[in-house]
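The residues making up each chain are set out below.
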Amino acid sequence: MHNSLPKHVRIVEVGPRDGLQNEKEAVSAAVKIELVDRLSRAGFRNIEAASFVSPKWVPQMATSTEVMAGIARRPGTLYSALTPNMQGFEAALAAKADEVVIFGSASEAFSQRNINCSIAESIARFEPVAKAAKDNGLRLRGSISCAFGCPYQGDVPLDAVADVVGRMRDLGCDEIDIADTIGVSTPRKTQAVMEAAARAFALDRISGHFHDTYGQALANIYASLELGVTIFHSSVSGLGGCPYAKGATGNVATEDVVYMLNGLGIETGIDLDLVVEAGAFISQHLGRKGASRAGNALLAKKSL
């Protein structure tokens, strides 16, 4: 156990992609561009901005090419895109993505239900994408869903997590996300899963992606910090959930994460006020109150 927490943390802002992809009402490219630009100005060094999947599956992401062409890129910020196959990769390359994201599950049942194939098969399918990313000098990130629990099989064995991490590592991933897609984890469990992942890949290149379904995301982030994890995913205003997991709502809100890290004296390089404003902007556009408690508290304070 580390007595001291990390001094610096990198937050990967996933609101524009993971957050918005499940919105029922179409969000225009202009609004998405404005959101990404606000987040760039807030100081994020990594923003998940696009997804090059078939519009048939994720209609909300049909504007990804337009969004990537329209954003004001901040030097030093990585703009990432989800690429499920070579067609998606080619589109991401053309759109000048800095990083492509491939994905698999730690749960065999989830893999079968979602993509009708085994975990091993699903990751093997990414070999051409991984090779193309490396050949083109793009950063490659691997994302592992259901690493802490699955809506279909319940518990996910730690060995299964380590195995998938090893497969992602062998594809050449620069960074690997360990995701609690249904938000069921609690701190001790989180540490056990992160330790399993770290047996197969460098801890400083592992990130935590926690959902707040059961209100445990901040506690799980803190538990990960204690182990020395320094990269976390969050979504401005708590946008988004998982379309395939029944009742799974809510990425952890970026405002809440930054508020906690600020209080711990951990540097993120992020301007919390600007994140709160970005959250207010997109929430207003979606016609609802944001899901960030820190964001709502700070906005209420401002309007006094």
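What this report covers is the structure whose coordinates are included nearby.

Rules behind the numbers
- Residues numbered from 1 in each chain as written.
- Predicted model: local features only at pLDDT ≥ 70, side-chain atom pairs only at ≥ 80, totals over all residues.
- Heavy atoms only, no water.
- Helix = DSSP H or I, 4+ residues; strand = E, 2+ residues; numbered from the N terminus.
- Buried < 20%, exposed > 50% of the residue type's maximum accessible area, 1.4 Å probe, protein only.
- Contact = heavy atoms within 4.5 Å.
- Pairing = 2+ DSSP bridges.
- Disulfide = S-S within 2.5 Å.
- Axes fitted to C-alpha atoms, helices over the stretch in contact; angles between N-to-C directions.
- Core = buried A, V, L, I, M, F, W, Y, C linked by side-chain atoms within 4.5 Å.
- Phe/Tyr/Trp six-rings, centres within 6.5 Å; stacked < 30°, edge-to-face > 60°.
- Lys NZ or Arg CZ within 6 Å of the ring centre and 35° of its normal.
- Polar contact = N/O pair within 3.5 Å; in protein donor to acceptor, adjacent residues only side chain to side chain.
- Right-handed = clockwise from strand over helix to strand, strands pointing away.

Turning next to the side chain of Ser 283. Note that Ser 283 resides in helix α12 (residues 272–286). Relative accessible area serves as the criterion here: at 7%, Ser 283 is assigned to the buried category. In this structure, Ser 283 is in contact with Ser 237, Arg 288, Lys 289 and Gly 290, ignoring residues within four places of it in sequence.

Another aspect to go through is helix α11 (residues 254–263). Think of an α-helix as turning once every 3.6 residues; residues three or four places apart then point the same way. Burial analysis of α11 places seven of its 10 residues in the buried class, which makes it a mostly covered element. Taken residue by residue, α11 has Thr 254, Glu 255, Asp 256, Val 257, Val 258, Met 260 and Leu 261 as its buried positions. Buried residues along α11 sit in contact with β1 (10–13), α10 (217–227), β8 (231–234), α12 and α13 (293–302).

Of all six residues in strand β2 (residues 46–51), six are buried; the element is thus mostly enclosed. Note: β1 against β2, two bridges, orientation parallel. Looking at β2, one finds that Val 12 is bridged to Asn 46. Summarising the sheet, β2 and strand β3 (residues 78–82) pair through five bridges and their orientation is parallel. In the sheet register, Ile 47 faces β3, and the bridge partner there is Tyr 79.

Bringing unusual backbone geometry into the picture now. With a phi angle near 60°, Lys 96 is a residue other than glycine that sits in the positive phi range. Structurally, Lys 96 can be placed in the loop between α4 (86–94) and β4 (99–105). For Ser 237, which is not a glycine, the phi torsion comes out positive at approximately 65°. Here Ser 237 is to be found in the loop between β8 and α11. Among the residues examined, Ser 237 registers a relative accessible area of 5% and is labelled buried.

This part is about the state of the cysteines. On inspection of all chains with the given rule, the structure shows zero disulfides. Cys 146 forms no disulfide, and the closest cysteine sulfur to it belongs to Cys 150, at a distance of 4.8 Å. Given a relative accessible area of 0%, Cys 146 falls into the buried group. Considering cysteine sulfurs only, Cys 117 is the nearest to Cys 173, which forms no disulfide, with 16 Å between them.

Moving on to the sheet that holds strand β7 (residues 206–210). The strand order around the closed barrel formed by eight strands is β1-β2-β3-β4-β5-β6-β7-β8, and the pairing between neighbours is parallel. Put simply, the sheet's adjacent strands are angled 30° from each other on average, direction ignored. Both strand β5 (residues 139–145) and strand β6 (residues 175–180) contribute to a ladder of four bridges, which runs parallel. By the bridge assignment for β6, Ser 143 is matched with Asp 177. Each of β6 and β7 touches helix α9 (residues 187–198); the most contacted strand, β7, lies at about 150° to it.

Ranked by size, the top nonpolar core spans 84 residues in total, and within it Met 68, Ile 144, Val 165, Ile 178 and Leu 225 carry the most contacts. Contact partners of Met 68, with chain neighbours within four places excluded, come to Ala 49, Ala 50, Phe 52, Arg 73, Tyr 79, Ala 95, Lys 96 and Ala 97.

The final tally for this structure, using the stated rule, is three aromatic pairs. Both rings, one in Phe 103 and one in Phe 126, keep their centres 5.4 Å apart while their planes meet at 65°; by these two values the pair is edge-to-face. Within this pair, whereas Phe 103 is found in strand β4, its partner Phe 126 is found in the loop between α6 (119–124) and α7 (127–135), the two being separated by 23 residues in sequence. Under the relative-accessibility criterion, Phe 126 is labelled buried at 5%. When the ring centre of Tyr 152 is taken as reference, the NZ or CZ atom of Arg 113 above it lies at 4.2 Å.

The residue Arg 17 is located in helix α1 (residues 15–19) in this model. For Arg 17, the side chain forms a polar contact with the side chain of Gln 21, separated by 2.8 Å. Once residues within four sequence positions are removed from consideration, Arg 17 is found in contact with Glu 48, Ala 49, Ala 50, Ser 51, Met 61 and Leu 82.

Of the two faces of β8, both are covered, the one formed by Ile 231 and His 233 as well as the one formed by Phe 232 and Ser 234. Bridging between β7 and β8 involves three bridges; their strand directions are parallel. From the neighbouring strand, Gly 208 faces β8, where its bridge partner is Phe 232. You can see the chain leave β7, run along α10 and come back into β8, and the turn it takes is right-handed.

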